[in-house]
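If you want the building blocks of each chain, they are given just below.
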Amino acid sequence: MTDPLNSPVVRHSPSTGAASPDVWGIYEPDTGSIQYICADPATKKAALIDVVWNFDPKNYRFSTESIDQVLGIVQDQGLSVEWVLDTHPHADHVMASAHLKERTGAPNAIGALVPEIARIWADLYNLPDAFDPNRDFDHLFKEGETFKIGELDTKVMLSPGHTLGSITYVCGDAAFVHDTLMQPDAGTSRSDFPGGKTTELWDSIQDILALPGDTRLYIGHDYSTKERDEPMWEATVDDHKANNIHVKDGTKREEYIERRQSRDATLSLPDRILAALQINLRGGRLPSSEGDGNHYLKLPVNRFD
Ligand SMILES: [Fe+2]
């Protein structure tokens with residue numbers, strides 16, 4: 001029997017009518033990440049969101065199974081890729097942005113505050129000139145900016161807290177909220193990485209929960225729960241308000257902050273973070289090869305607890 005937590009599960013969440021995208025969620029089991037295709041059913045134009053470049057942290061080897069799988073669905077569905085989007089520079093997986101841009105010809109984008117995140121990490125890696133998001137992304141989306149996926153209006157909300165520059169993409173009745181909420185039975189994402197802030201995460205989540213009650217929220221990660229052995233990634237605003245174990249209606253801000261911070265204090269860094277961020281802050285590109293033709297990464301020592 002297939003174990004759904006260790007398989008690249010795909011689910012299609014169909015358009016619910018006018019101004020509503022078709023959404024495919026593709027679960028990447030190594031990092032518990034969910035990658036999305038958000039497509040306008042009328043024009044078949046699509047955005048790819050938070051796609052993962054497979055990375056084996058034991059052998060330091062990269063591969064493209066996830067990218068190939070996502071592009072396979074694009075092809076099978078007759079879609080054309082209009083945007084390659086990320087919600088934030090991910091800490092637990094390497095982003096496929098640069099690869100996807102090359103393979104699809106579509107522009108890549110992320111949030112307008114990513115240069116500030118890059119400054120924090122440029123200091124932590126002592127790589128003062130390595131990161132330039134204006135160079136490595138075609139567009140940096142500002143809070144409130146709008147754009148189209150096909151004919152569907154899409155709006156950008158700034159959603160800081162997990163990072164200082166995370167953004168949410170709201171396309172019709174679908175919102176890609178990445179590392180803010182988890183599924184209602186798992187709560188919310190951590191807020192303890194450099195530049196993260198629990199108070200901001202609470203405020204960002206309140207903004208997301210102020211969207212219409214039937215908005216379909218698509219999260220960035222799922223690791224299952226004791227009661228549930230398959231990955232889930234979609235729930236409505238109303239589901240979260242009724243059931244989210246960290247932020248359901250009636251939760252007090254102070255109560256949440258205290259709970260989130262004591263949980264974060266028990267978490268160690270994700271195993272891929274130090275490799276992932278120095279690639280992700282280059283738009284998913286490895287550092288240039290050295291004289292011997294190989295690529296090298298840099299690791300700060302004794303900088304994290
Ligand atoms: Fe993240």
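Structure's up top.
The rules we used
Residues numbered from 1 in each chain as written. Predicted model: local features only at pLDDT ≥ 70, side-chain atom pairs only at ≥ 80, totals over all residues. Heavy atoms only, no water. Pairing = 2+ DSSP bridges. Helix = DSSP H or I, 4+ residues; strand = E, 2+ residues; numbered from the N terminus. Contact = heavy atoms within 4.5 Å. Axes fitted to C-alpha atoms, helices over the stretch in contact; angles between N-to-C directions. Phe/Tyr/Trp six-rings, centres within 6.5 Å; stacked < 30°, edge-to-face > 60°. Buried < 20%, exposed > 50% of the residue type's maximum accessible area, 1.4 Å probe, protein only. Donors = N, O, S within 2.8 Å, 3.2 Å for Na, K, Ca; no water. Core = buried A, V, L, I, M, F, W, Y, C linked by side-chain atoms within 4.5 Å. Expected span 1.5 Å × (residues − 1). Arc of directions from axis to C-beta.

Q: What am I meant to see in the sheet that holds strand E5 (residues 52-56) here?
A: The strands that make up a sheet are held in pairs by hydrogen bonds between backbone atoms, and each pair lies either parallel or antiparallel. With antiparallel pairing, the three strands of this open sheet are ordered in space as E6-E5-E8. If you trace the sheet from one side to the other, it starts and ends with strand E6 (61-63) and strand E8 (94-95), each paired once. Inspection of the sheet shows E5 paired to E8 by two bridges, in the antiparallel sense. The partner of Trp53 across the bridge, within E8, is Val94. Running over the sheet, helix H1 (residues 65-76) touches E5 and E6 and is turned about 155 degrees from E5.

Q: Explanation requested: the packing of aromatic side chains in the structure shown.
A: Here the distance between the centres and the angle between the planes together describe a pair of aromatic rings. One pass over the structure, following the stated rule, counts 16 aromatic pairs. Judged by centre distance (5.8 Å) and plane angle (20 degrees), the ring pair of Trp121 and Phe304 falls under stacked. One end of the pair, Trp121, is in helix H3 (residues 114-125); the other, Phe304, is in the segment after helix H8 (273-280), with 183 residues separating them in the sequence. The class for Phe304 is partly exposed, based on a relative accessible area of 25%. Taken together, Trp53, Phe55, Tyr60 and Phe62 form an aromatic cluster joined through their ring pairs.

Q: Honestly, the coordination of the iron ion in this entry has me stumped. Any pointers?
A: Angles between donor atoms at a metal ideally measure 109.5 degrees for a four-coordinate tetrahedral arrangement and either 90 or 180 degrees for a six-coordinate octahedral one. Note on the iron ion: its protein donors are His88 (NE2), His162 (NE2) and Asp179 (OD). The metal-donor distances range over 2.0 to 2.4 Å. When the donor residues of the iron ion are listed from N- to C-terminus, their spacing reads H-x73-H-x16-D. Here His162 lies in the loop between strand E12 (152-158) and strand E13 (167-171) and His88 lies in the loop between strand E7 (80-85) and E8, a separation of 74 residues in the sequence. The same class applies to His88 as to His162, namely buried.

Q: Any chance you could explain the nonpolar core here in plain terms?
A: The nonpolar side chains of a soluble globular protein tend to be buried, and buried together. If you look at the biggest cluster of nonpolar residues, it comprises 41 residues, and the most contacted ones within it are Leu85, Phe141, Tyr169, Phe176 and Leu217. Counting residues per element, this core draws most heavily on helix H5 (residues 198-209), at five residues. Setting aside residues no more than four positions away along its own chain, Phe176 makes contact with Val23, Tyr36, Cys38, Ile49, Thr87, Ile167, Thr168, Tyr169 and Tyr218. Formed by 24 residues, the second largest nonpolar core is a distinct cluster that contains Ile26, Leu71, Val81 and Ile279.

Q: Mind showing me how you'd approach H5 here?
A: Because each turn of an α-helix spans 3.6 residues, side chains separated by three or four positions in sequence point in the same direction. The terminal C-alpha atoms of H5, which comprises 12 residues, lie 16 Å apart, in line with the 16 Å expected from a rise of 1.5 Å per residue. Within H5, burial applies to Thr198, Leu201, Trp202, Ser204, Ile205, Ile208 and Leu209. Down the axis of H5, the smallest arc covering the buried residues is 165 degrees, so these residues share one side. As for H5, its buried residues are in contact with E12, E13, strand E14 (174-178), strand E15 (216-219), helix H6 (237-243) and helix H7 (253-264).

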